[in-house]
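# Working through the structure, step by step
Okay, here's what each chain looks like letter by letter:
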Amino acid sequence: MNAVMDPVEIIRRYYAPDSNSYRILLEHGRLVAGKALAAATRVAAFQPDLDFIRSAAMLHDIGIFLTDSPGLDCHGSEPYIRHGVLGRVILDALGHPRHGLVCERHVGVGISVEDTRRFSLPLPERDMLPMSIEEQIICYADKFFSKNGNESSREKPVAEIIASLRPYGADKVERFLGWVELFG
């Protein structure tokens, strides 16, 4: 892995700089990076890697261009739920496997094998849960911002995030609330 990584240069390989998808992805990545870096300062005792958090937060959604998400100006053929595993493939191929894990593990508050089976998700049957402190911080920060292109810069309140997680199980709400207590 390169000592210095430019996430914007990597994004430009896959997104036209004049496209809405590029603008949405960059804005979202910057908002998530800012929230993640602020959260990292609250857990300084864990010594989170701030440079990694910054670059991984910018790249965590790189796979969206491969999904069928016209509202994000993405016209691929894959279902949106797969953007994390697709991002991992991209970043692994570029020699950034640690960043790839962030892509795969940030969806929702992480997806377990049981979730994949219970909800019949078109995903590999493996645990895709954020493990490292950096993965958890980015996953936490990501929940606060949408990528809809309209109100994407609005930070969601915790209650709204909880309401969006509730249909997927109390364990998802509890995981997020644990992060709120730790990082918030």
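Parameters and conventions
- Residues numbered from 1 in each chain as written.
- Predicted model: local features only at pLDDT ≥ 70, side-chain atom pairs only at ≥ 80, totals over all residues.
- Heavy atoms only, no water.
- Core = buried A, V, L, I, M, F, W, Y, C linked by side-chain atoms within 4.5 Å.
- Buried < 20%, exposed > 50% of the residue type's maximum accessible area, 1.4 Å probe, protein only.
- Helix = DSSP H or I, 4+ residues; strand = E, 2+ residues; numbered from the N terminus.
- Contact = heavy atoms within 4.5 Å.
- Phe/Tyr/Trp six-rings, centres within 6.5 Å; stacked < 30°, edge-to-face > 60°.

Attention now goes to the nonpolar core. One finds Ile-53, Ile-137, Ile-138, Tyr-140, Phe-176, Trp-179 and Phe-183 to be the most contacted residues of the largest nonpolar core, which totals 28 residues. When contributions to this core are tallied by element, the ones reaching two or more residues are helix H2 (20-42), helix H3 (50-59), helix H7 (133-142), helix H8 (158-165) and helix H9 (170-183). Beyond its immediate chain neighbours, meaning those up to four positions away, Phe-183 contacts Ala-39, Arg-42, Val-43, Ile-133, Gln-136, Ile-137 and Tyr-140. Leu-25, Leu-26, Met-58 and Ile-62 belong to the second largest nonpolar core, which has 17 residues in total.

Glancing now at the side chain of Thr-116. The residue Thr-116 is located in helix H6 (residues 113-118) in this model. With a relative accessible area of 4%, Thr-116 lands in the buried category. Residue contacts for Thr-116: discarding those within four places in its chain leaves Ile-111, Leu-121, Leu-123, Pro-124, Glu-125 and Met-128.

Here we take up the environment of His-99. Looking at the element boundaries, His-99 is found in helix H5 (residues 97-105). Residue classification places His-99 among the buried positions, given a relative accessible area of 2%. The spatial distance from the C-alpha of His-99 to the C-alpha of Glu-135 is 9.1 Å, given a sequence separation of 36 residues.

Let's shift gears to the packing of aromatic side chains. Enumeration over the complete set of coordinates arrives at 7 aromatic pairs. With a centroid separation of 5.3 Å and 55 degrees between ring planes, the pair formed by Tyr-140 and Phe-183 is classed as tilted. On the criterion of sequence distance, the pair formed by Tyr-140 in helix H7 and Phe-183 in helix H9 is long-range, its members being 43 residues apart. Accessibility expressed as a relative area gives 3% for Tyr-140, which makes it buried. Accessibility expressed as a relative area gives 0% for Phe-183, which makes it buried. Taken together, a centroid distance of 5.9 Å and an interplanar angle of 50 degrees make the contact between Phe-144 and Phe-176 tilted. Of this pair, Phe-144 sits in the loop between H7 and H8 while Phe-176 sits in helix H9, placing them 32 residues apart in sequence. Like Phe-144, the residue Phe-176 is buried in the burial classification.

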